[in-house]
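# Structural overview for review
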Amino acid sequence: MQSFPQDNVGSLSLFQRRSRHVGVRSGSNNDIEEEGSKMIRAAVLGKDGVGKTAFTVRLLTRRFIGDYDGTLESWYQHRVDIDGEEVIFHIFDTAGKNCKEKIDTCAAQDIMFVLYSITDRSSFQEARLIIKYLHETKNVPPSAIFLIASKADLKRNTQVTEFEGKLFALNTGCFFHQLSNSESFFEHNKIIKKAYLRVCLQGAHKSPKSPAIMRRLKGGFKNKAHSYVPTPRTRSASVDF
């Protein structure tokens with residue numbers, strides 16, 4: 001199995017970013033980690049340019065914004081109402097090279113969203129490598145992994161068929177969704193509910209203790225009512241296959 005390169009700046013530097021608050025409901029984001037609220041921690045992985053930030057924002061807010069700075073790695077936090085229950089999502093939107101240190105730290109989250117673009121076969125190859133690494137090296141259960149095929153609205157430029165994505169997901173046991181971030185929220189809504197159900201089934205409890213990465217960022221998550229733009233990270237090449 002091919003391996004990921006080491007990141008010579010160290011894993012800690014990957015997460016020295018301030019969180020972005022993505023509000024959908026009226027009121028303040030202060031004390032977002034409220035007592036009694038369920039919490040889901042997720043990471044979004046994949047090659048640069050596949051639509052990870054557009055997916056994250058659409059997933060949390062139902063809005064589509066097409067113009068992003070692809071060099072930024074950001075934490076998003078957001079309250080979502082799922083069948084009448086308030087759930088707090090913490091989502092790490094990655095950028096740049098997918099190195100071992102980054103993926104190892106992301107593997108501590110409850111849910112992994114691994115994206116590729118149907119218009120870029122190399123992004124599909126990278127997504128498969130990430131999922132195999134998560135499952136075989138980090139022992140992440142397949143039920144915690146979502147393989148997301150993005151840019152379904154660009155079918156005339158398809159390089160990866162939906163069948164190929166479904167077949168790989170079937171063979172690995174992970175979830176599969178093909179969607180367009182620009183056209184619809186339908187698939188995103190199904191993903192949110194599946195992620196919530198998965199975390200509930202694995203015994204998610206109220207206000208869980210944060211892992212090391214969450215503790216590092218705790219100061220940035222509490223008592224912040226405004227959005228913050230993280231320090232830019234220079235975009236680097238994706239994993240060499």
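Above: the structure in question.
Here's what I pulled together on the structure shown here. Computed from a prediction, not measured in an experiment: that's the story for all the values here. (Residues numbered from 1 in each chain as written. Predicted model: local features only at pLDDT ≥ 70, side-chain atom pairs only at ≥ 80, totals over all residues. Heavy atoms only, no water.)

### Topic: the side chain of Thr-56
Following the sequence through the fold, Thr-56 ends up in helix H1 (residues 52-61). Of note is the side chain of Thr-56, whose polar atom sits 2.9 Å from the backbone oxygen of Lys-52. (Helix = DSSP H or I, 4+ residues; strand = E, 2+ residues; numbered from the N terminus. Polar contact = N/O pair within 3.5 Å; in protein donor to acceptor, adjacent residues only side chain to side chain.)

### As for the packing of aromatic side chains
Per the stated rule, a full pass over the model turns up 6 aromatic pairs. Aromatic pair Phe-55 and Phe-113: ring centres 5.4 Å apart, planes at 70 degrees, arrangement edge-to-face. Highlighted residues: Phe-55 in helix H1 and Phe-113 in strand E5 (residues 111-117), separated in sequence by 58 residues. Across the pair, Phe-113 and Phe-55 agree in class, each one buried. Judged by centre distance (6.4 Å) and plane angle (80 degrees), the ring pair of Phe-124 and Phe-168 falls under edge-to-face. Remark: Phe-168 occurs in helix H4 (residues 162-172) and Phe-124 occurs in helix H3 (residues 121-136); sequence separation between them is 44 residues. The same class applies to Phe-124 as to Phe-168, namely buried. Members of the aromatic cluster, joined through ring pairs, are Phe-55, Phe-113, Phe-146 and Phe-175. (Phe/Tyr/Trp six-rings, centres within 6.5 Å; stacked < 30°, edge-to-face > 60°. Buried < 20%, exposed > 50% of the residue type's maximum accessible area, 1.4 Å probe, protein only.)

So yeah, pure geometry; function would need other evidence.
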